[in-house]
Amino acid sequence: MMFVASLAAALIVLSAGALLYSSSLMEARFDGRRTWLDAHPPRKASEDYEILRRRRLAALTELAPAEVERYLPAVVASLDRDDGEVRRLAVLVLERMADEPATLDAHGAELTALLGRSADARVRLSVARTLSKLGAPLIAAAAALVSRLEDSDAEVRAAAVAALGALPAETLATHTHAAVELLSRAGDAEASAAAIDGWADKLSGRPEGDELGGLQFSLGRMGREWGDGGVGDGVP
């Protein structure tokens, strides 16, 4: 009986010790979390996360395109972040990857959406330039590129003109009327002149070429110059 009583007492002591240890461990963990939260309140934690994102994007700028490919979803998503430095670094990575256009084809829809949504002219410019090097995504983005002909940034307008000039002739012809209207309304002489020079060959012999002739006259470039070798040959 005494042995049983002693064993029971020992078990009680062990159980109490285990409870105290468990309580101490939980308290230590809580204190650790509280300390982390003190150092990383919600706003600070968000800032720390953006700093980490910057570091990772900066590291990607040093890698070969083949090594970056698997991170492209995160890179494209970073183009839409609130942090301006994150967007800048994402633009750098995107522009390096544009030399490997096949890797970006799967992201055409997201890039096209950014073209119309982003308030950052650097992002819109980079996206327009990138789309100009793609295949099917460029065709799908034609209407969005036309809308950028009225962009508030001159470089974005120029990039949109160049990207539209990379379209197949049939697709370019489909969008020429709307594009010429926007260029005429925007009054950007440089973008209009680039459109005339860059689209003329593809629209040669098509009715849409006459619309470039109208844009020519809206710039004050005389018909003789246009008729000497352009789409509007024969316009007085």
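Above: the structure in question.
Just so it is clear, the model here is predicted, and its values are computed rather than measured.

### Quick word on the overall build of the chain
Turning to step 1, where the next piece is worked out: The number of helices and strands found in the chain is 14 helices and zero strands.
Turning to step 2, where the next piece is worked out: Listed N to C, the secondary structure of the chain is α-α-α-α-α-α-α-α-α-α-α-α-α-α in terms of helices and strands.
Turning to step 3, where the next piece is worked out: For the chain, the residues scored as buried account for 36% of the 236 residues in total.
Turning to step 4, where the next piece is worked out: Long-range contacts, defined here as pairs at least 24 residues apart, represent 63% of the contacts in the chain between residues at least 6 apart.
Turning to step 5, where the next piece is worked out: Accessible surface for the chain amounts to roughly 13400 Å². Of this, 58% is attributable to carbon and sulfur atoms.

### Focus on the nonpolar core
Turning to step 1, where the next piece is worked out: Among the nonpolar cores identified, the biggest contains 50 residues, and Leu-79, Val-127, Leu-145, Leu-149, Leu-164, Leu-183 and Trp-199 are the most heavily contacted of them.
Turning to step 2, where the next piece is worked out: The biggest single contributor to this core is helix α5 (residues 84-97), with seven residues.
Turning to step 3, where the next piece is worked out: When sequence neighbours within four positions are dropped, the list of residues in contact with Leu-79 reads Arg-87, Ala-90, Val-91, Leu-94, Leu-111, Leu-114 and Val-123.

### Some words on helix α6 (residues 108-117)
Turning to step 1, where the next piece is worked out: Those residues of α6 lying buried are Gly-108, Leu-111, Thr-112, Leu-114 and Leu-115. Angular distribution of buried residues about the axis of α6 spans 160°; they occupy a single face of the element. Seen from the open side of α6, the exposed residues pointing more than 90 degrees away from its buried face are Ala-109 and Gly-116.

### A look at the side chain of His-107
Turning to step 1, where the next piece is worked out: Along the chain, His-107 turns up in the loop between α5 and α6.
Turning to step 2, where the next piece is worked out: The exposure class assigned to His-107 is buried, which follows from its relative accessible area of 9%.
Turning to step 3, where the next piece is worked out: In this structure, His-107 is in contact with Leu-72, Pro-73 and Val-76, ignoring residues within four places of it in sequence.

Conventions we followed
Residues numbered from 1 in each chain as written. Predicted model: local features only at pLDDT ≥ 70, side-chain atom pairs only at ≥ 80, totals over all residues. Heavy atoms only, no water. Helix = DSSP H or I, 4+ residues; strand = E, 2+ residues; numbered from the N terminus. Buried < 20%, exposed > 50% of the residue type's maximum accessible area, 1.4 Å probe, protein only. Contact = heavy atoms within 4.5 Å. Areas by Shrake-Rupley, 256 points an atom, 1.4 Å probe, with all protein chains shown as cover. Core = buried A, V, L, I, M, F, W, Y, C linked by side-chain atoms within 4.5 Å. Arc of directions from axis to C-beta.

Purely geometric stuff here, so don't read any function into it on its own.
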